[in-house]
Every structure is written in structure tokens, then in C-alpha cells.
Amino acid sequence: MIIIRSVLLDSFPELKFGMSTKVGLNRAAPFYFNMSKTVGDDENLVNENRKSFFDKFGLDLNTVALQKQIHSDIVTIVNDAEKQFESDALITDKPKLGLAISTADCVPVFLYDSKNKVIAGVHSGWRGTEMKIILKTISVLIKKFHSDPKNIYAYIGPSISQKNYEVGIEVAGLFDPKYVLQKEGKYFLDVALANYDMLTSSGILTKNIQRSELCSFDSKILHSYRRDGKKSGRALGVMVMKETNS
């Protein structure tokens, strides 16, 4: 199994974090090591995949909060893994409760308030980015958990790079021109940079942000909906706080 780690988040001994890839349990095409039950894969295999992946973090199917992602700006505070809900950002201050974000090109962002011990996971495609779901998640952290942005650390996971993310003129027009590359009558959007800029504009220090250089479209070990279409599997990024005595 290949798991993508974050040097930044791994620097905190109280955290466990990782993102799945296409590689695990010798799964074959078309779905490979897939974490989604909505792409046509065998549900029993998906449960086996999730169980194997979650086990790497000391978690199981009953201790990871999953959401139905709907490309929204909805932020959910979770206290357990039992409830079902539709949203695109999860926040918890509960140890031993994993937060899972599903991706196959969209931008995953994971946040950690190191002082107040709060974690968040955000799924930010172009719609969520345009609706500024990152800023809204940070706003909830500030208002509900009294977070200071200077104590927040952020990891921007692998996503589709600008050169591979062609959008229509109607989508390109929703964004500041700095995020749009126009070439030969086509428009290419840099969603990861837009999210990075929102992190810094919220007061998060640049030294507290790590941005993955991996492109989901180009990498042979990553799922990509743009590349593989309806037969693409999905990855999960999982973050959890260990229980401490402090």
C-alpha cells in the first residue's frame, strides 16, 4: 500500500495523517484501491479497502466520519462517526475520531489548530473554491473553537494541476484572472493556488502551509476523474488526533 504523507503534519506527534492512492491490496483496473461506494465498484471490496487503509491510523469503519460531498460550502462540526450528512468540510476537536475527505482531482485541504487541538478536512473543487469554503471553514474554527490563524497549520494535498484542468469560459470568468491561464482559446484553472491564497489571506502563516507538488492527472498512482472518467476510483485523506493525557 502506498500512502501519501505530509512532512508538516507528521511533525506533530499527536496527529496521524495520510492519503490513499491507487496502490493497495493488489487491486486491479479499473477502480484499483478505491475508497468510494458510488463509482460502481464492488461494495464489499470497498469496505475491505477502507478497513485496510483505516487500520494504518488505528481507526476502523466505525471511527471515521465520512460525508456525502456535494460541491458546497457547507461546514459540519462532528462529534462521532455515526451521523450521515451532506457537506464538504468537517471539523472536530474529538480525539480518536478520524475525518475523511474523498478526492479524485479536487483540492483536499487539512487544517490543524495546534493550540486548541482541533482538526478539519476540506473538499474544495472549483465550486467550493468559488464559494470560498476554505475561508468559511477557518471562520468556523475562529468563531466556534476560538482558533487563532497563526496557530493553524495547513496541508494542501494532491490535486489536478492547472495545465491539466481545462474549464469553460463561464467557469473561468468566476475567478480572478491570476488563477486562469488562457492558451489557444482554452482556459486552465489553478484551483490549488486559489485555495493557498485563501489560507494566507485568512492569516495562516506561509511557513505553516505545505502544498503537495503531485498532480492527480499526471501521477500514475493517483485517482483522476478527468483522466479516467466514470471508471475512476476515489482516494481518501484521513486525519485523526491521538488521545493525550494533557
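None of these values were measured; they are calculated from a predicted model.

### Thoughts on the overall build of the chain
Inference 1: The secondary structure content of the chain amounts to seven helices and 13 strands.
Inference 2: Taking 246 residues into account, the globule formula puts the C-alpha radius of gyration at 18 Å, and the chain, at 17 Å, falls close to it.
Inference 3: Reported as C-alpha extents along the three principal axes, the dimensions of the chain are approximately 60 × 45 × 30 Å.
Inference 4: In the chain, which comprises 246 residues, the proportion classed as buried is 52%.
Inference 5: Partitioning the intrachain contacts of the chain with sequence separation of at least 6 by distance along the chain shows that 62% fall at a separation of at least 24.
Inference 6: Accessible surface, the chain as shown: approximately 11600 Å² in total, 49% of it carbon and sulfur.
Inference 7: When the 33 positive and 28 negative side-chain charges of the chain are each reduced to one mean point, those points stand 1 Å apart.

### With respect to the packing of aromatic side chains
Inference 1: For the coordinates displayed, the defined rule picks out six aromatic pairs.
Inference 2: Note on Phe12 and Tyr153: the rings are 4.8 Å apart at their centroids and 70 degrees apart in plane angle, and the pair reads as edge-to-face. Here the residue Phe12 occupies a position in the loop between helix H1 (7-10) and strand E1 (15-19), and Tyr153 occupies one in strand E8 (residues 152-156), the gap between them amounting to 141 residues.
Inference 3: Taking NZ or CZ as reference, Lys22 lies 4.3 Å from the ring centre of Tyr32, over its face.

### Notes on helix H6 (residues 191-201)
Inference 1: Of the residues making up H6, those classed as buried are Val191, Ala192, Ala194, Asn195, Asp197, Met198 and Leu199.
Inference 2: Two or three places before Leu193, at the start of H6, stands the capping residue Asp190, its side-chain oxygen 3.0 Å from that residue's backbone nitrogen.
Inference 3: Trailing H6 by a residue or two, Gly203 shows a phi angle of about 110 degrees, which is positive.

### Let's talk about the pattern of salt bridges
Inference 1: Overall, the coordinates contain eleven salt bridges when judged by the stated rule.
Inference 2: Across the pair Lys68 and Glu86 runs a salt bridge whose closest N-O atoms are separated by 3.5 Å. Of this pair, Lys68 sits in the loop between strand E2 (64-65) and strand E3 (75-77) while Glu86 sits in the loop between E3 and strand E4 (89-92), and the two are 18 residues apart along the sequence.
Inference 3: On the accessibility criterion, Lys68 (52% relative accessible area) is exposed.
Inference 4: A salt bridge links Asp228 to Arg227; the nearest nitrogen and oxygen atoms lie 3.0 Å apart.
Inference 5: In this structure Arg227 comes out as partly exposed when scored by relative accessible area, which is 27%.

### Let's talk about the side chain of Arg50
Inference 1: In this fold, Arg50 is placed in helix H2 (residues 43-55).
Inference 2: It is Glu43 that comes nearest to the buried, bridge-free Arg50 among opposite-charge side chains, at 7.8 Å.
Inference 3: For Arg50, the residues in contact, after removing those within four places along its chain, are Met35, Ser36, Lys37, Leu61 and Leu66.

### Here we look at the sheet that holds strand E12 (residues 209-211)
Inference 1: Strand order in the open sheet formed by six strands is E3-E4-E7-E6-E8-E12, and the pairing between neighbours is mixed. The open sheet has two edge strands, E3 and E12, and neither has a second partner. On average, each strand axis in the sheet is inclined to that of its neighbour by 15 degrees, with strand direction left out of account.
Inference 2: In this sheet, strand E7 (residues 118-124) lies alongside strand E6 (residues 107-113) in antiparallel orientation, the contact comprising seven bridges.

### Quick word on the packing of helix H4 (residues 133-145) against H6
Inference 1: Their axes nearest at 9 Å, the elements H4 and H6 cross at an angle of 30 degrees. Overall, the two elements H4 and H6 adopt an arrangement that is roughly parallel. Note on packing geometry: the crossing formed by H4 with H6 is right-handed. Every residue of H6 that contacts H4 at Ile134, Leu135 and Ile138 is listed here: Asn195, Met198, Leu199 and Ser201.
Inference 2: Partitioned by chemical class, the residues of the contact of H4 with H6 number five nonpolar, two polar and no charged.

Cut-offs and rules
- Residues numbered from 1 in each chain as written.
- Predicted model: local features only at pLDDT ≥ 70, side-chain atom pairs only at ≥ 80, totals over all residues.
- Heavy atoms only, no water.
- Helix = DSSP H or I, 4+ residues; strand = E, 2+ residues; numbered from the N terminus.
- Rg over C-alpha atoms; globule rule 2.2 N^0.38 Å.
- Buried < 20%, exposed > 50% of the residue type's maximum accessible area, 1.4 Å probe, protein only.
- Contact = heavy atoms within 4.5 Å.
- Areas by Shrake-Rupley, 256 points an atom, 1.4 Å probe, with all protein chains shown as cover.
- Lys, Arg positive; Asp, Glu negative; His and termini not counted.
- Charge placed at Lys NZ, Arg CZ, Asp CG, Glu CD.
- Phe/Tyr/Trp six-rings, centres within 6.5 Å; stacked < 30°, edge-to-face > 60°.
- Lys NZ or Arg CZ within 6 Å of the ring centre and 35° of its normal.
- Polar contact = N/O pair within 3.5 Å; in protein donor to acceptor, adjacent residues only side chain to side chain.
- Salt bridge = Lys/Arg side-chain N within 4 Å of Asp/Glu carboxyl O.
- Pairing = 2+ DSSP bridges.
- Axes fitted to C-alpha atoms, helices over the stretch in contact; angles between N-to-C directions.
- Parallel < 35°, antiparallel > 145°, perpendicular 65-115°, else oblique.
- Left-handed = near helix turned anticlockwise from the far one by under 90°.
- Nonpolar A, V, L, I, M, F, W, Y, C, P; charged D, E, K, R; others polar.

None of the figures reported here should be taken as evidence of function without further support.
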